[in-house]
Amino acid sequence: MSELTNLSLAEARDALRAKKFSAKELTQAYVTAVEQHNPKLNAFITVTSEQAIKGAEASDKKIAAGQAGALEGIPLAIKDLFCTHNVQTTAGSKILEGFKPQYESSVTEKLWAAGANMLGKTNLDEFAMGSSNTTSYFGNVINPWRAKDGNKDLVPGGSSGGSAAAVAARLCLAATGTDTGGSIRQPASFCGIVGIKPTYGRCSRYGTIAFASSLDQAGMFARNVRDAAITQTVISGHDPKDSTSSPKATPDFEKALTGNIKGLKIGVPKEYRVDGMSSEIADLWDKGIKWLKEAGAEIVDISLPHTKYALATYYIIAPAEASSNLARYDGIRYGLRVTPENGALNELYCKTRAAGFGKEVKRRIMIGTYVLSAGYYDAYYKKAQRVRYLIAQDFKDAYTKVDAILTPTTPSAAFAIGENSKDPIAMYLNDVFTVPTSLAGLPAISLPAGLSANGLPLGLQIIGKAFDEETVFRIAGVMEEAAQFKAVPQGVGV
Amino acid sequence: MSLDKAAITKIAKLAHIEVTEAEKDTFVTELSGIFKWIEQLNELKTDDVPMLASVSDTALPWRKDEITDGHKRDAILANAPASDYGCFVVPKVIDHE
Amino acid sequence: MSEYRVKGKTGDWEVILGLEVHAQISSKSKLFSGAPNDFGSEPNENVSLVDAGMPGMLPVINEYCIEQAVRTGLGLKAHINLRSVFDRKNYFYPDLPQGYQISQFLDPIVGKGIMHIDMPDGTTRDIGITRLHLEQDAGKSLHENSNKYSYIDLNRAGIALMEIVSEPDLRSPEEAGLYLKKLRSIVRYLGTCDGDMEKGSMRCDVNVSVRKPGDVLGTRCEIKNVNSVRFMIKAIEFEAARQIEIIENGGKIDQETRLFDSTTGETRTMRSKEDAHDYRYFPDPDLLPLEFTQEYVDKIKATLPELPDDKKARYIKDLGLSPYDASVLVADHATTHFFETVAAKHNPKLASNWITAELFGRLNKADLEIDASPISTDKMSGLLALIEDNTISGKIAKVVFDKMFESGKTAAQIVDEEGLKQVTDTGAIEKIIDDIMAANPDKVAEYRSGKDKLFAFFIGQVMKVSGGKANPNLVNELLKKKLA
């Protein structure tokens with residue numbers, strides 16, 4: 001059975017088409033894997049085995065009839081931020097426990113139309129707010145990786161911790177995630193897998209529970225660059241139901257993996273070499289630079305001068321938008337309702353939201369409410385939008401000189417659960433390398449490039465020009481080849 | 001910028017989230033810290049810089065005036081905590097317009 | 001034109017008024033969702049997932065609503081902003097599913113404009129329009145005779161509204177009423193809103209403040225959702241008096257929002273100062289700025305119908321109507337349509353007189369609007385035709401008109417059935433005159449000796465004998481001849 005789960009998505013896709021095995025067999029293998037490992041990892045909030053098997057049977061019929069879609073029979077995991085028809089969708093929150101959408105998100109609709117099937121909804125930081133998946137109402141997700149020198153449970157990263165853990169532990173062939181400030185890239189780095197965040201507007205946000213509207217983007221987790229390219233192609237595309245959706249046609253990203261990056265100019269921003277950066281990360285970055293040089297790319301030193309202000313900017317804009325986006329969770333039309341004894345409406349709102357939201361969500365709603373409030377809007381929100389302009393401009397200027405940018409994904413490897421939890425700012429600093437890209441709306445990929453001394457995966461990030469995911473994938477493919485990262489978490493792939 | 005308890009109380013009221021006294025104290029500490037950290041943005045002069053509210057590459061799309069939706073009351077009420085007469089039921093709203 | 005003043009203990013007070021009108025755009029679907037904009041449906045029938053604020057839902061703007069807002073702005077001779085922004089207005093209320101209303105705050109689609117209102121004394125007052133912006137309507141709370149619960153119907157949630165704000169240029173309840181009526185007629189003319197205040201497709205909030213003439217502006221209170229011109233006038237009168245009394249007793253006016261109670265005729269506090277809302281407006285990140293070209297605006301301008309003010313001027317200049325009659329006829333779209341249909345086939349002045357004096361008189365008495373007139377344009381036309389070709393006299397026509405109003409029959413039918421045809425046969429009239437003269441020789445003598453007033457007596461007699469059917473001009477002419 002684990003033979004089947006060791007195949008990559010591209011391999012499984014080709015094998016299914018060649019009728020080497022059935023979609024049902026493949027899916028059953030994954031269903032078994034989930035049953036076996038999920039209790040420990042807690043990567044899934046809702047498991048939909050029956051639905052997955054039924055879907056696999058339907059896929060087999062389609063394959064037999066020669067009508068296979070791009071992802072026919074492929075079992076996937078879906079971050080519990082995407083609304084799935086009649087399947088519980090919680091956003092990792094008590095306030096949506098039991099909520100069953102009567103509609104499908106555009107992203108998942110595309111996956112089902114391509115023939116994929118759903119193994120379940122994965123765990124996440126509540127309302128996508130976090131970098132550790134330790135804020136979910138449904139419990140922490142455990143990183144399938146363990147440090148050489150310890151026995152502590154490690155975080156998978158966040159907010160899409162469940163999806164990352166599920167892919168890393170081979171509980172699915174790929175998984176969807178969302179990335180607002182790094183929520184795909186950072187967990188991909190912590191879990192030793194590939195994670196892609198496309199250009200803002202590439203994927204539809206319709207039916208994706210909103211955190212920060214001007215930053216949220218759906219993206220994919222996969223075991224390798226090819227798998228990520230295949231799945232990212234399927235979920236991308238214009239959606240008239242999303243007014244911020246780009247009208248640009250989606251290229252076939254798999255075709256971009258030519259293996260040739262000769263002559264490409266790769267920028268290395270000096271501002272990303274931060275104080276106190278671990279030497280392991282710095283060394284890995286240098287290795288990455290070397291690999292790309294050897295593959296024929298030209299390395300260019302660049303400056304992104306406003307980098308250090310990105311986190312503060314993000315932590316004004318994202319909470320502001322979130323405070324407004326989460327106002328609809330009020331106990332009136334769906335989700336949790338706490339009916340107060342005195343029966344008054346105002347109490348209903350306040351008690352429902354107090355009981356339904358966790359600490360981090362409340363904190364960000366408070367921050368967001370404050371920065372939008374009378375007297376503070378100019379000093380905070382307006383200011384942040386102006387700095388955002390400068391940050392975006394930094395990239396625009398850099399892209400007159402280079403085609404892509406190489407940086408580390410995270411300032412450290414996965415840390416232990418409970419570490420960094422005292423000071424919110426310490427947790428926010430996890431996103432220092434990923435946030436600027438989000439503010440500028442650019443595409444970026446994280447791929448595993450090496451192991452720390454402690455045996456934990458470390459990732460490198462490639463940032464591209466707007467709507468140039470093709471170059472991002474192309475460079476990532478070459479780097480993947482050079483890095484030869486073959487490590488897997490213990491107990492996986494056996 | 002240091003936030004005091006009164007400010008926290010006001011924000012919680014606006015956000016319609018009930019907070020205990022203990023939680024207020026925690027918020028005072030945490031949010032004061034966060035806003036102090038955010039103050040670094042004041043190092044930048046931005047008076048002549050425009051606001052970037054969207055990184056979207058498209059203009060606002062306009063939809064034709066056609067009826068393409070509605071008539072799905074069951075779906076609308078499917079997850080309602082309380083419904084009756086085809087409506088959402090809530091504790092009495094005092095100031096009706 | 002005398003200024004409106006309210007007498008207080010300490011002297012005369014001036015009333016300063018500004019109106020905020022919410023007009024529902026008569027589009028097929030809602031502003032940001034494809035659900036129907038229908039009135040009177042079962043609760044929550046016309047609701048989409050977007051309207052219900054479901055998780056992950058997003059707004060997509062209706063192009064027709066943009067057009068209607070521009071049309072209305074042009075009708076108000078206002079500046080059209082080629083770029084405007086949608087902002088979120090954040091607050092909690094059960095009829096507001098998203099927890100925010102999508103509106104326009106700093107950059108509305110339409111800027112400053114002007115409205116001319118015709119005062120009863122024939123003068124015109126210019127009232128400034130501050131702005132017009134697009135926003136979502138909210139749902140409705142129904143109370144279903146329950147003490148404990150309210151029932152939320154979201155059918156209205158998301159319907160497109162134009163919020164039209166006037167400058168605080170109005171100075172009397174009457175002016176406010178005329179402004180509201182004029183605005184209503186303009187949007188009905190343009191077809192952008194049906195202006196039905198009873199149905200709620202047009203609603204009005206009034207800002208009221210008082211001051212001694214020449215003083216600085218006083219603190220204003222907003223009276224919400226006044227749903228008829230009559231109630232608005234009452235509300236203003238009550239509120240002005242309330243404010244004056246407070247100030248004269250040494251108190252201060254709290255800036256607040258108040259509701260008008262139509263049963264008591266009083267306004268009462270709706271929201272206390274403590275709950276003064278901080279709406280935390282910010283540009284909606286789900287919507288990009290609304291932009292269009294001057295060509296787009298010009299295209300719309302070219303399709304505008306003739307507006308009331310221009311029509312009025314044309315009626316006066318080309319049709320020779322009096323300013324008063326002209327303003328009555330343009331005051332309401334349905335009236336204008338009625339008049340123009342009839343005036344197309346008959347003497348416009350004749351048509352005007354009959355509509356403004358006779359028809360309106362009877363409609364008012366029967367408490368009917370012109371849309372419900374028992375006399376249609378066809379029937380009206382039928383009556384005027386009989387007058388114009390001398391079949392009946394003007395006086396008889398009034399009798400016929402009354403009967404038409406009661407019975408619904410045509411003029412021709414009534415004239416026929418009751419034999420009311422005008423007598424124009426010279427010979428017949430002469431005969432009647434001869435008979436009367438013969439029967440009243442003394443009066444004839446008196447007249448011939450200088451008592452001119454007796455002429456009326458002879459006319460009366462001729463009319464009596466002829467049952468009112470003798471053509472008055474002919475009678476006049478022939479009597480003169482014979483009595484000479």
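Refer to the preceding data block for the structure.
Draft legend 1. The overall build of chain B, seen in detail. The helix and strand tally for chain B stands at three helices and three strands. When the helices and strands of chain B are read in sequence order from the N terminus, they spell out α-α-β-α-β-β. For 97 residues, the compact-globule estimate of 2.2 N^0.38 gives 13 Å, and chain B exceeds it by more than 25% at 23 Å. Counting only C-alpha atoms, chain B reaches 55 × 45 × 25 Å along its principal axes. In chain B, which comprises 97 residues, the proportion classed as buried is 44%. Partitioning the intrachain contacts of chain B with sequence separation of at least 6 by distance along the chain shows that 29% fall at a separation of at least 24. Per element, the accessible surface of chain B, about 5,200 Å² overall, is 53% carbon and sulfur.

Draft legend 2. Broad picture of the overall build of chain A. Assigned secondary structure in chain A consists of 16 helices and twelve strands. The C-alpha atoms of chain A give a radius of gyration of 21 Å, which matches the 23 Å a tight globule of 494 residues would have. Across its three principal directions, the C-alpha atoms of chain A cover 65 × 55 × 50 Å. Here chain A holds 494 residues, and 68% of them are scored as buried.

Draft legend 3. A look at the environment of Arg73 of chain B. If you trace the backbone, Arg73 of chain B turns up in helix H3 (residues 73–77). Through-space distance from the C-alpha of Arg73 of chain B to that of Gly86 of chain B is 7.6 Å; in sequence the pair is 13 residues apart. Look past the residues within four positions of Arg73 of chain B in its chain and what remains in contact with it is Gly86 of chain B together with Glu42, Pro43, Asn44 and Glu45 of chain C.

Draft legend 4. Representation of the pattern of salt bridges in the model. Applying the stated criterion across every chain yields a total of 62 salt bridges over all chains. Across the pair Glu222 of chain C and Lys224 of chain C runs a salt bridge whose closest N-O atoms are separated by 3.7 Å. Residue classification places Glu222 of chain C among the buried residues on the basis of a relative accessible area of 17%. Connected through salt bridges with shared partners, the residues Arg205 and Asp242 of chain A together with Arg88, Asp284 and Asp286 of chain C form a single ionic network.

Draft legend 5. Layout of the nonpolar core. Leu71, Phe127 and Phe395 of chain A are the most contacted members of the largest nonpolar core, which totals 218 residues. Here this core takes ten residues from helix H10 (residues 310–325) of chain A, the largest share from any one element. Non-local contacts of Leu71 of chain A, meaning those with residues more than four positions away in its chain, are made with Leu9, Leu76, Leu111, Ala114, Gly115, Ala116, Ile230, Thr231 and Val234 of chain A. Of all hydrophobic cores here, the second largest spans 106 residues; its members include Val15, Met232, Phe260 and Phe292 of chain C.

Draft legend 6. The arrangement of helix H8 (residues 348–365) of chain C in detail. All names here are of chain C. Over its 18 residues, H8 runs 24 Å from end to end, which matches the ideal 26 Å to within 8%, given 1.5 Å per residue. Maximum bend of H8: about 30°, positioned at Ile355. Turning to H8, its buried residues number three or more, namely Leu350, Ala351, Ser352, Trp354, Ile355, Thr356, Glu358, Leu359, Phe360, Arg362 and Leu363. Summarising the contacts, the buried residues of H8 are in contact with helix H6 (323–330), helix H7 (333–343), helix H9 (377–388) and helix H10 (394–407). One side-chain oxygen of the residue at the start of H8 lies 2.8 Å from the amide nitrogen of Lys349, identifying that residue as Asn347. Once H8 ends, the next one or two residues include Asp367, with phi positive near 55°.

Definitions and cut-offs
- Residues numbered from 1 in each chain as written.
- Chains lettered and ligands numbered in written order.
- Predicted model: local features only at pLDDT ≥ 70, side-chain atom pairs only at ≥ 80, totals over all residues.
- Heavy atoms only, no water.
- Helix = DSSP H or I, 4+ residues; strand = E, 2+ residues; numbered from the N terminus.
- Rg over C-alpha atoms; globule rule 2.2 N^0.38 Å.
- Buried < 20%, exposed > 50% of the residue type's maximum accessible area, 1.4 Å probe, protein only.
- Contact = heavy atoms within 4.5 Å.
- Areas by Shrake-Rupley, 256 points an atom, 1.4 Å probe, with all protein chains shown as cover.
- Salt bridge = Lys/Arg side-chain N within 4 Å of Asp/Glu carboxyl O.
- Core = buried A, V, L, I, M, F, W, Y, C linked by side-chain atoms within 4.5 Å.
- Expected span 1.5 Å × (residues − 1).
- Bend = angle between axes of the 7 residues up to and from the residue.
- Polar contact = N/O pair within 3.5 Å; in protein donor to acceptor, adjacent residues only side chain to side chain.

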